[in-house]
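Chain residues, written in single-letter form:
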Amino acid sequence: MKAIHNFNAGPSALPKEVLREAQAQLLNFNHTGMSIMELSHRSKVYEEVHEQAKSLLKELMGISDKYEVLFLQGGASLQFSMVPLNLLTEGSVASYVLTGAWSEKAYEEASKIGETSIIASTKDSNYTTIPTDTTFNLPINSSYLHITSNNTIYGTQFHSYPETGQVPLIADMSSDILSKKINIDSFSLIYAGAQKNLGPAGVTVVILRKDLLPNIPASIPTTLNYNTHVKNNSLYNTPPTFAIYLLSLVLKWVKEHGGVEVIEERNNKKASLLYRSIDESDGFYIPHATKESRSNMNITFTLPTEKLTKEFLAKAVENGFIGLNGHRSIGGCRASIYNAVSYESCEAFSHFMSRFKKSNF
Ligand SMILES: *Cc1c(COP(=O)(O)O)cnc(C)c1O
């Protein structure tokens, strides 16, 4: 089979080593004679996988015991509702920074639940940037400030985070979690669907500060209450065991590759390479994001005409470059270069970009 370079936005590439390991263990996990999928979620064997995923994530991200780590279902999208259900209490207001379609969705969900406020928005610039001034004047009765750390669709990313003082900072990190070193202590809650940087679709990671827990109203439905999942170690109901198993393998892979620092350095190199191809193309490739807001995960651009963009995408597929269509809402091209996408794939794509430009200029 011809080599494939997978630039899918999510679900996205998984490390080949991880898939091979899962394949080798598929029919007989850990001498049980069964697949991990067939084991009880209450069994000792599964429990070890569950704990390993949790402890590896804590270790790799530097998460202290002030935090709980949860494995939930319903995707990042359910967190759009769970965050306000649990934390937007009567008499307080939830503030949102709008930097793209995902933050709009998060804001809309919160608005169904309580009082919300848009503290900043870059919609007027067609979401080409992140707000440059992140010293926000938050209402004194703020329950939290919500940001989307990386805007998967528009290809922008926060490179520093707002200082919120006493107000809890909450981030949807679905598309850049574990891609770079962050200071966990700046955040009260982080959530991420696994299918971009962490593993397959089906599990959502939630990292939350323990001091949020006592104020969560007991009246909210049981499975939507963070306290339920904390008390039951994410085993209140059947967790997505296979997805959590793959998550544990991906985390092990990150650790074996030198941890988040090494991954971050590689991600920086990958992104620089592709942005250089754009910047040195004399306007042939037109970036969506402004320079200072560029994402290291999703590289968005168009070509001078709709026709050329289409030809480019078609030729890319012919050459084994998959998943480069921009999100259906904005079109154009998008190369998603999450942790599992190799430098070699980015290099091959960058060469393809030069070749395509030469033959069409
Ligand atoms: C992909 C994505 C989502 C949606 O995730 P689901 O798991 O499909 O609900 C939300 N936010 C961001 C930033 C994303 O990239």
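For the chain, an unreviewed UniProt entry supplies the name Phosphoserine aminotransferase and the organism Litchfieldia luteola. Its UniProt record gives the chain the following Function (unreviewed entry) comment, quoted word for word: "Catalyzes the reversible conversion of 3-phosphohydroxypyruvate to phosphoserine and of 3-hydroxy-2-oxo-4-phosphonooxybutanoate to phosphohydroxythreonine." If you open the UniProt record of the chain and go to Subunit (unreviewed entry), you find "Homodimer."

Enquirer: Provide a residue-level description of the overall build of the chain, including the pertinent values.
Expert: Helix and strand counts for the chain stand at nine helices and 14 strands. The C-alpha radius of gyration computed for the chain amounts to 21 Å, which stays within 12% of the reference 21 Å derived for 361 residues, consistent with globular compactness. For the chain, buried positions account for 56% of its 361 residues. A fraction of 68% describes how many contacts in the chain between residues 6 or more apart in sequence connect residues 24 or more apart. Summed over all atoms, the accessible surface of the chain reaches about 15900 Å², with 51% contributed by carbon and sulfur. For the chain, the distance from the average site of its 33 positive side-chain charges to the average site of its 34 negative ones is 5 Å.

Enquirer: Report on helix α4 (residues 101–113), specifying residues and quantitative values.
Expert: Under the 1.5 Å per step criterion, the end-to-end length of α4 is 19 Å for 13 residues, consistent within 8% with the ideal 18 Å. Among all positions of α4, only Ser-103, Glu-104, Ala-106 and Ala-110 are buried. On an axial view of α4, the arc spanned by its buried residues comes to 160°, and they lie on one face. Those residues of α4 that are buried lie in contact with α3 (75–87), β3 (93–98), β4 (115–121), β5 (142–148), β6 (150–151) and β9 (189–193).

Enquirer: Can you explain the UniProt feature "modified residue: N6-(pyridoxal phosphate)lysine" (unreviewed entry) in the chain? Please cite residues and give values.
Expert: Feature annotation in UniProt places "modified residue: N6-(pyridoxal phosphate)lysine" (unreviewed entry) on Lys-196, given in this structure's numbering. With respect to the helices, strands and loops of the structure, Lys-196 is situated in the loop between β9 and β10 (204–209). Filtering out sequence-adjacent residues up to four positions away, Lys-196 remains in contact with Ala-9, Gly-10, Ser-12, Thr-152, Ser-174, Ser-175 and Tyr-338.

Enquirer: Lay out the packing of helix α6 (residues 241–256) against helix α7 (residues 259–279) with the relevant residues and their values.
Expert: Taken N-terminus to C-terminus, the directions of α6 and α7 make an angle of 80°; their axes are 7 Å apart at the nearest point. With respect to α7, the element α6 is oriented roughly perpendicular. Residues Trp-253, Val-254 and Lys-255 of α6 form the contact with α7, whose own contacting residues are Gly-259, Val-260, Ile-263 and Arg-266. Here the contact of α6 with α7 is built from residues that sort into four nonpolar, one polar and two charged.

Enquirer: Kindly report on the UniProt feature "binding site: L-glutamate" (unreviewed entry) in the chain, identifying the contributing residues and their values.
Expert: Within this numbering scheme, the UniProt entry marks Arg-42 as carrying the feature "binding site: L-glutamate" (unreviewed entry). When neighbours within four sequence positions are excluded, Arg-42 is seen to be in contact with Glu-47, Leu-235 and Tyr-236. A distance of 3.4 Å separates the side chain of Arg-42 from the side chain of His-41, its partner in a polar contact.

Enquirer: Could you give an account of the pairing of β10, naming the residues involved and the relevant values?
Expert: A large share of β10 lies buried, amounting to six of its six residues. Covered by surrounding structure in β10 are Thr-204, Val-206 and Leu-208 together with Val-205, Ile-207 and Arg-209, the residues of both alternating faces. As defined by bridge partners, strand β2 (residues 67–72) adjoins β10 across six bridges and the pair is classed as antiparallel. The residue bridging Tyr-67 from the neighbouring strand is Arg-209, located in β10. Where β9 meets β10, five bridges bridge the pair, whose relative direction is antiparallel. For Ile-190, the partnering residue across the bridge sits in β10 and is Ile-207.

Enquirer: Any chance you could break down the pairing of strand β12 (residues 298–302) for me, citing the residues and the numbers?
Expert: For β12, the tally of buried residues reaches four of five residues, placing the bulk of the element in the interior. Inspection of the sheet shows β12 paired to strand β14 (residues 333–336) by four bridges, in the antiparallel sense. In the strand pairing of β14, Ile-299 is matched with Ala-335.

Enquirer: Run through the packing of aromatic side chains, naming residues and quoting values.
Expert: Scanning the model with the defined rule gives 22 aromatic pairs in all. Aromatic pair Tyr-285 and Phe-301: ring centres 5.7 Å apart, planes at 85°, arrangement edge-to-face. In this pair, Tyr-285 is assigned in the loop between α7 and β11 (286–287) and Phe-301 in strand β12, connecting sequence segments 16 residues apart. Since its relative accessible area comes to 3%, Tyr-285 is described here as buried. The exposure class of Phe-301 is buried, given its relative accessible area of 2%. Here a set of aromatic residues connected by ring pairs shows up, and it is made of Phe-7, Phe-284, Tyr-285, Phe-301, Phe-312, Phe-321, Phe-349, Phe-352 and Phe-356.

Rules and cut-offs
- Residues numbered from 1 in each chain as written.
- Predicted model: local features only at pLDDT ≥ 70, side-chain atom pairs only at ≥ 80, totals over all residues.
- Heavy atoms only, no water.
- UniProt positions renumbered as here; feature names shortened; annotations may be inferred.
- Helix = DSSP H or I, 4+ residues; strand = E, 2+ residues; numbered from the N terminus.
- Rg over C-alpha atoms; globule rule 2.2 N^0.38 Å.
- Buried < 20%, exposed > 50% of the residue type's maximum accessible area, 1.4 Å probe, protein only.
- Contact = heavy atoms within 4.5 Å.
- Areas by Shrake-Rupley, 256 points an atom, 1.4 Å probe, with all protein chains shown as cover.
- Lys, Arg positive; Asp, Glu negative; His and termini not counted.
- Charge placed at Lys NZ, Arg CZ, Asp CG, Glu CD.
- Expected span 1.5 Å × (residues − 1).
- Arc of directions from axis to C-beta.
- Axes fitted to C-alpha atoms, helices over the stretch in contact; angles between N-to-C directions.
- Parallel < 35°, antiparallel > 145°, perpendicular 65-115°, else oblique.
- Nonpolar A, V, L, I, M, F, W, Y, C, P; charged D, E, K, R; others polar.
- Polar contact = N/O pair within 3.5 Å; in protein donor to acceptor, adjacent residues only side chain to side chain.
- Pairing = 2+ DSSP bridges.
- Phe/Tyr/Trp six-rings, centres within 6.5 Å; stacked < 30°, edge-to-face > 60°.

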